[in-house]
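# Coordinate inspection notes
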Amino acid sequence: VALGLYFPRKEYLENVYIDEPAGMPLLRIHALRDSREEVARFHLCQNLIVPRARPQENNWFQIREETGLLYLSKSLDREDFNMLSVGNWMPLSKVMLYVFLSSHPFQEKECDSTTRTTVFLSLINATAPACSSLTARQLCFTEMDLSFHIKENKPPGTFHQLQLPSVHRLCQNLSISYKLLAAEGVPFRYNENTTSVRVTQRLDREERERYELIAKCTVREGFREMQVEVPFLVNVLDEDDSPPFLPNGTDTADAVVEFNRKEGTVLSTLTVYDADTTPIYPLESSRKKYTGTIITEDPWISETFRVEHIFDEIHFSPNGSQVRGTRHEY
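Below is a summary of the structure that appears in this document. (Residues numbered from 1 in each chain as written. Predicted model: local features only at pLDDT ≥ 70, side-chain atom pairs only at ≥ 80, totals over all residues. Heavy atoms only, no water.)

## Comments concerning the overall build of the protein chain
- Helix and strand counts for the protein chain stand at five helices and 19 strands.
- Here the C-alpha atoms of the protein chain give a radius of gyration of 27 Å, more than 25% beyond the 20 Å that 2.2 N^0.38 yields for 330 residues.
- Once the C-alpha set of the protein chain is aligned to its principal axes, its extents read approximately 85 × 50 × 40 Å.
- Summed over its atoms, the accessible surface of the protein chain is roughly 19400 Å², and 50% of this surface lies on carbon and sulfur atoms.
- Taking the average place of the 36 positive charges on the side chains of the protein chain and the average place of its 47 negative ones, the gap between the two points comes to 7 Å. (Helix = DSSP H or I, 4+ residues; strand = E, 2+ residues; numbered from the N terminus. Rg over C-alpha atoms; globule rule 2.2 N^0.38 Å. Areas by Shrake-Rupley, 256 points an atom, 1.4 Å probe, with all protein chains shown as cover. Lys, Arg positive; Asp, Glu negative; His and termini not counted. Charge placed at Lys NZ, Arg CZ, Asp CG, Glu CD.)

## What about the side chain of Thr218?
- Residue position: Thr218 is located in strand 15 (residues 210-221).
- Exposure remark for Thr218: the relative accessible area of 7% places this residue in the buried category.
- Polar side-chain contacts of Thr218 include one of 3.4 Å to the side chain of Gln227.
- Non-local contacts of Thr218, meaning those with residues more than four positions away in its chain, are made with Ser175, Ile176, Ser177, Glu225, Met226 and Gln227. (Buried < 20%, exposed > 50% of the residue type's maximum accessible area, 1.4 Å probe, protein only. Polar contact = N/O pair within 3.5 Å; in protein donor to acceptor, adjacent residues only side chain to side chain. Contact = heavy atoms within 4.5 Å.)

## Focus on the nonpolar core
- Among the nonpolar cores identified, the biggest contains 34 residues, and Phe141, Ile150, Phe159, Phe188 and Phe232 are the most heavily contacted of them.
- Secondary structure elements with two or more residues in this core: helix 2 (136-140), strand 10 (146-151), strand 12 (175-181), strand 14 (196-199), strand 15 and strand 16 (224-237).
- With residues near it in sequence (within four places) discarded, Phe232 still touches Leu146, Phe148, Phe159, His160, Leu162, Leu180, Val197, Tyr211, Glu212, Leu213, Ile214 and Ala215.
- Residues Leu5, Ile63, Leu70 and Val99 belong to the second largest nonpolar core, which totals 31 residues. (Core = buried A, V, L, I, M, F, W, Y, C linked by side-chain atoms within 4.5 Å.)

Purely spatial values, then, with no claim about function.
Below, the structure is given as structure tokens:
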């Protein structure tokens, strides 16, 4: 069963300043596909979640259904800030929005889709700072880690844009350029024209579970040049697509039973490896996945012997990279 479109990030963070103009782009949200035919459509629910207060109707933020660009549809003034900060007199107030995803045009008020991501907006009781007062880190990257989750065996697609839409709009006197530093042959491509990053092929978690790249940003202002580098991490999410395997290819073990064996004596062991899954908690759920059974019609054997199942996480090393899996011992 196709599970449908999904977000490569669980949450997004952005700052919103007082009196930024309507139309100001804030951030771009991306989606990845489960199958090639899908087209991503984004939708914002019309409520702002305000901590310690009732949800407020969202009059300030909109998202472009086809592109995932979140923008200000109305300037946020001091009166709006006071209302949304529920009298906490802090220079900053946090609100939350849910962005939903669908492969068909959204119907009005359709907000019960399970595929959603959370946008945390820090509303700042000040006007946007001058570009010259920002550090290279602030000009190049938001406060959120560049960390993404991509499902294995899914079609290629764009999952992030390095350029910050609001900085691009506000700081046009600066030249800001990016590079994605990666080992040769990794399945990710950076497009200089759009500043977007794309996964170029289907990933296989049993081959590699984590990619560690670096995003490098260069800011030029006249003759001045500043550079900043941050980690860019991609975790590959598992799909249960590889069968368990036996280390020597044998699925039976002989047991020789001598007289006067004490209770608890181990008579025989059988090991099964599973590169596809790691132990999950509660442990009973992992235990139920595989069971060891003595096949006999002799009630005395059933009463006298039992199979014990223990398992632990191990690491496989295909292509020199570590991939987690499970060793089951019976």
